[in-house]
Every structure is written in structure tokens, then in C-alpha cells.
Amino acid sequence: MLPIPSVIPTDRSCFNINGTTITGLSGTCPAVTELVIPIDITAIGANAFRGNTKLTSVTMPNVITIGESAFFNNTSLTSVIMPNVTTIGAIAFYGNTALTSVVMQNVTTIGEGAFYGNTGLTSVTMPEVTSVGANAFFNNTSLTSVIMPNVRTVGNGAFMNDAQLTSVNMLNVETINQDAFAKSALTSVNMPKVINIGNWAFAYNYSLQSVIMTKVRSLGGSAPFHSCPLTNVTMEDQTLCQQRFATSICKSPT
């Protein structure tokens, strides 16, 4: 496990605890705004802090799993430190509009809608994540940068409506599902290992001109790049490229 700087855990009496899982606040600390989870806790249960509008920061030294809706609508939460979390459940951080950046070094799986509507989030760094669920970062209207070099699958609408998203690092992604990056602000896409791209996956990226998708074998539906002003598409399969794009913009990888 990754170490974090020494901090004093919040008194255990503040929590309802089942084994090594926190299931909620006990009610004995109604004014608490900053939480440091005890070091023996490895999971935050479903709905544990749902709707808590007082929390501003949470430090979870040894937590591995975040349950569904665990921090749903924590609208004052600005800081989350969880160096050892590997799994984030569905809508776990939904609607946390004050959260501005997320660095989660060991997360491998992000559930559906996990960060949906986090309108203050500007950057996401998750170097080990392999799967991003549907709508995980939907409508993150301030998000500009995503670093997920080991992600393999991006779910439906995962980054849809992220109107300021200009930079994506996903060099190992293999499947981009429907609407995944629709209505974003991408200018170029470099995904050399992607094999499958769903319909409308990059639609309405009005500045998207260059796409490198060397290994792609499937372009779903009729409009994966609808309304994108493409000038360069790099693919090994030139037959597929010329079937779906103007011949003049189809390029073979060098």
C-alpha cells in the first residue's frame, strides 16, 4: 500500500462500522467537516456519506473499495485523498460540484456515473484504471485534461458534454463506446490501439481535425465522428477508412 503523510484519524465513535467497512456517520459528530478514516478500514459502504453537504475533505489511508453512492451529492467536498483505492462504485461521487482535481494512483475500475456532474473538476489522473463506466464523467463542464494511459474500455457517454475537454491520454484504450466523447472540445485523438469505436463516440467535437486510430477494425453506426471537421485519419485498414471517410484524408501509419 502507498503511504500518506502522518495524520490523526477521526475518532471512531463518529462512524458506524461493520467489520472493516464504514457504513455511515454515527451522529455523535454532527459538525465534522474533515474526515481521516481509521487505518484498519478498507471499505466505504454504499450510501455511507450520501448527501452530506458539510464534508470538505476526506483522507482514506487504506481504503480499497468505495461503494455505490458513498459520497453522492457531497457538494462541499473539495479534497479526496485515497492512495490505495482500486474500485469506485456507481455514482460514488455524483454531483460533487466543489471537487476540482482527482489523482487516484491505484484505481482500476470506475463505476457508472461515478463522477457525473462534477462541474468543478478540471483534471483527472488515474494511471492504473482499466475500465471507465458509462457516464462516469458526464457533464464535467470544466474538465480539460484526462490521463488514463492504461484504460482499455470507455463506457457509453463517459466523457459526454465535457465541453472544455481538450487533452486525453489513453494510449492503450481498445474500446470506445457510444457517445463516449460526444460534445467535447478535442482537437486531436491519438489512440493507436483502439479496435472498436461506437456510434456518435466523438460526435460534435467541432475542432477535432486529426485522429490516429491505427488498429481500428469497427466503426459503429453511421456517425462516430458526426460534425467533426476531420482533415487527417490514420488507420491501417485503408479499405475501412475510405468506406467511412473521404479518401483524401485517409492516411496509412508510417
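Residues numbered from 1 in each chain as written. Predicted model: local features only at pLDDT ≥ 70, side-chain atom pairs only at ≥ 80, totals over all residues. Heavy atoms only, no water.

Broken down by element type, the protein chain carries 1 helix and 22 strands. A compact globule built from 254 residues should have a C-alpha radius of gyration of about 18 Å, and the protein chain, at 20 Å, falls within 12% of that. Taken along its principal axes, the extent of the C-alpha atoms in the protein chain is 70 × 30 × 25 Å. Looking at the protein chain as a whole, 48% of its 254 residues are labelled buried. Across the protein chain, every contact between residues at least 6 apart in sequence was considered, and the portion connecting residues at least 24 apart equals 14%. For the protein chain, the computed accessible surface area is about 10400 Å², with 51% contributed by carbon and sulfur atoms. Across the protein chain, the 10 positively charged side chains and the 11 negatively charged ones have centroids separated by 8 Å. (Helix = DSSP H or I, 4+ residues; strand = E, 2+ residues; numbered from the N terminus. Rg over C-alpha atoms; globule rule 2.2 N^0.38 Å. Buried < 20%, exposed > 50% of the residue type's maximum accessible area, 1.4 Å probe, protein only. Contact = heavy atoms within 4.5 Å. Areas by Shrake-Rupley, 256 points an atom, 1.4 Å probe, with all protein chains shown as cover. Lys, Arg positive; Asp, Glu negative; His and termini not counted. Charge placed at Lys NZ, Arg CZ, Asp CG, Glu CD.)

Ranked by size, the top nonpolar core spans 73 residues in total, and within it Met 148 and Phe 159 carry the most contacts. Apart from the residues within four sequence positions on either side, Phe 159 is in contact with Val 132, Phe 137, Leu 143, Val 146, Met 148, Val 154, Leu 165, Met 170, Ala 180, Phe 181, Ala 182 and Ser 184. (Core = buried A, V, L, I, M, F, W, Y, C linked by side-chain atoms within 4.5 Å.)

Evaluation of the coordinates by the stated rule reveals 3 salt bridges. A salt bridge links Arg 12 to Asp 40, with the shortest nitrogen-to-oxygen separation between them at 2.8 Å. Taken together, the residues span a long stretch of sequence, with Arg 12 in the segment before strand 1 (15-18) and Asp 40 in the loop between strand 3 (34-36) and strand 4 (43-44) at a distance of 28 residues. Take Arg 12: its relative accessible area is 40%, and that puts it in the partly exposed class. The salt bridge partner of Glu 236 is Arg 217, with a shortest N-O separation of 3.3 Å. Note that Glu 236 is positioned in the loop between strand 21 (232-234) and helix 1 (238-244) and Arg 217 in the loop between strand 19 (210-212) and strand 20 (218-219), a separation of 19 residues in sequence. Residue class for Arg 217 comes out partly exposed when judged on its relative accessible area of 45%. By sharing partners, the salt bridges in this structure join Lys 215, Arg 217 and Glu 236 into a single network. (Salt bridge = Lys/Arg side-chain N within 4 Å of Asp/Glu carboxyl O.)

Before going further, it helps to spend a moment on the side chain of Asn 74. Note on placement: Asn 74 falls in the loop between strand 6 (65-66) and strand 7 (79-81). At a separation of 3.3 Å, a polar atom in the side chain of Asn 74 contacts the main-chain carbonyl oxygen of Phe 71. Asn 74 has contacts with Phe 49, Arg 50, Gly 51, Asn 52, Leu 55 and Asn 96, leaving out every residue within four places of it along the chain. (Polar contact = N/O pair within 3.5 Å; in protein donor to acceptor, adjacent residues only side chain to side chain.)

Backbone geometry places Asn 73, a non-glycine residue, at a positive phi of 55°. When you line up the elements, Asn 73 lands in the loop between strand 6 and strand 7. The backbone of Ile 91 shows a phi angle near 45°, a positive value even though the residue is not glycine. When you line up the elements, Ile 91 lands in the loop between strand 8 (87-88) and strand 9 (101-103).

The next point concerns the pairing of strand 1. Across 4 bridges, the pairing between strand 1 and strand 2 (residues 21-25) is antiparallel. Pairing of Ile 17 across the sheet is with Ile 22, part of strand 2. (Pairing = 2+ DSSP bridges.)

What follows concerns the sheet that holds strand 15 (residues 167-169). Here we have 4 strands laid out as an open sheet, ordered 9-11-13-15, and parallel in their pairing. Looking along the sheet, the strands with just one partner apiece sit at the ends: strand 9 and strand 15. Each adjacent strand pair in this sheet contributes to an overall mean axis angle of 5°, direction not counted. Alignment of strand 13 (residues 145-147) against strand 15, held across 3 bridges, turns out to be parallel. Looking at strand 15, one finds that Ser 145 is bridged to Ser 167. (Axes fitted to C-alpha atoms, helices over the stretch in contact; angles between N-to-C directions.)

A few words on the confidence of the model for the protein chain. Predicted confidence across the protein chain gives a mean pLDDT of 95, with 97% of residues reaching 70 or more. Low confidence marks residues 2-6, where pLDDT is under 50. Its contacts with residues over four positions away, or in another chain, come to 9 contacts. (pLDDT = per-residue confidence, 0-100.)

What the 11 strands build is an open sheet, ordered 1-2-4-6-8-10-12-14-16-18-20; its pairing is mixed. In the strand order of this sheet, the two ends are held by strand 1 and strand 20, each with one partner.

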